[in-house]
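Summary of the model geometry
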Amino acid sequence: MNIESVKSLFRMFSGEDDPEKYAPLIELAMAETEKMLLPDADKSDIRLAFLCAASANHRFRQISASRDRSQITYAGKMLKDGADPALAYSQKLLRDYLELCSDLIAPQMFTFAGI
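A brief structural summary. What you see is a predicted model; the values in this text were computed from it and never measured.

Conventions adopted
- Residues numbered from 1 in each chain as written.
- Predicted model: local features only at pLDDT ≥ 70, side-chain atom pairs only at ≥ 80, totals over all residues.
- Heavy atoms only, no water.
- Core = buried A, V, L, I, M, F, W, Y, C linked by side-chain atoms within 4.5 Å.
- Buried < 20%, exposed > 50% of the residue type's maximum accessible area, 1.4 Å probe, protein only.
- Helix = DSSP H or I, 4+ residues; strand = E, 2+ residues; numbered from the N terminus.
- Contact = heavy atoms within 4.5 Å.
- Disulfide = S-S within 2.5 Å.
- Expected span 1.5 Å × (residues − 1).
- Arc of directions from axis to C-beta.

This part takes up the nonpolar core. Formed by 25 residues in total, the largest nonpolar core has its most connected members in Val6, Phe10, Ile26, Leu37, Leu51 and Ala53. Sorting the residues of this core by element identifies helix H1 (3–14), helix H2 (23–36), helix H3 (46–67) and helix H4 (85–100) as the ones contributing at least two each. Per-element accounting of this core gives the leading share, eight residues, to H3. What Val6 contacts, discounting residues up to four positions off in sequence, is Ile26, Met30, Ala49, Cys52 and Ala53.

This is the structure:
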């Protein structure tokens with residue numbers, strides 16, 4: 001994975017002009033993605049850069065939503081309906097890239113069957 005391509009994709013997903021401010025988020029997303037990789041996975045696959053950028057964007061949106069007060073209730077205590085459209089779309093984007101990279105990463109969910 002090339003960090004410059006991940007930063008470029010993060011800039012595209014997030015709309016932020018300076019991805020250097022969010023370098024720790026991007027590095028965390030890259031480390032997270034590397035831990036998910038299967039042992040025989042190709043680390044230079046371009047899909048992984050998209051997955052890293054989507055993961056960093058989702059974390060960025062979570063952080064932004066926790067302090068965003070642009071849509072407040074009458075009392076001003078919490079976000080209106082508790083919903084942030086940018087956060088919801090970043091989660092969908094991350095889910096799509098996780099599915100796209102399913103042959104490169106270990107399964108994220110386990111199913112237990114009872115007899």
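We now examine the state of the cysteines. Summed over all chains, the structure comprises zero disulfides. Unpaired in terms of disulfides, Cys52 finds its nearest cysteine sulfur in Cys101, a separation of 8.6 Å. Look at Cys101 and you get buried, because its relative accessible area is 0%.

Turning our eyes to something else, we now look at H4. With 16 residues, H4 should reach 22 Å at 1.5 Å per residue; the first-to-last C-alpha distance of 23 Å fits that figure. Of all the positions in H4, only Ser90, Leu94 and Tyr97 are classed as buried. The buried side chains of H4 occupy one side of the element, clustering within an arc of 65° when seen end-on. Seen from the open side of H4, the exposed residues pointing more than 90 degrees away from its buried face are Tyr89, Asp96 and Glu99. Check the buried side of H4 and you find it contacts H1 and H3.

Just distances and angles here, no functional claims.
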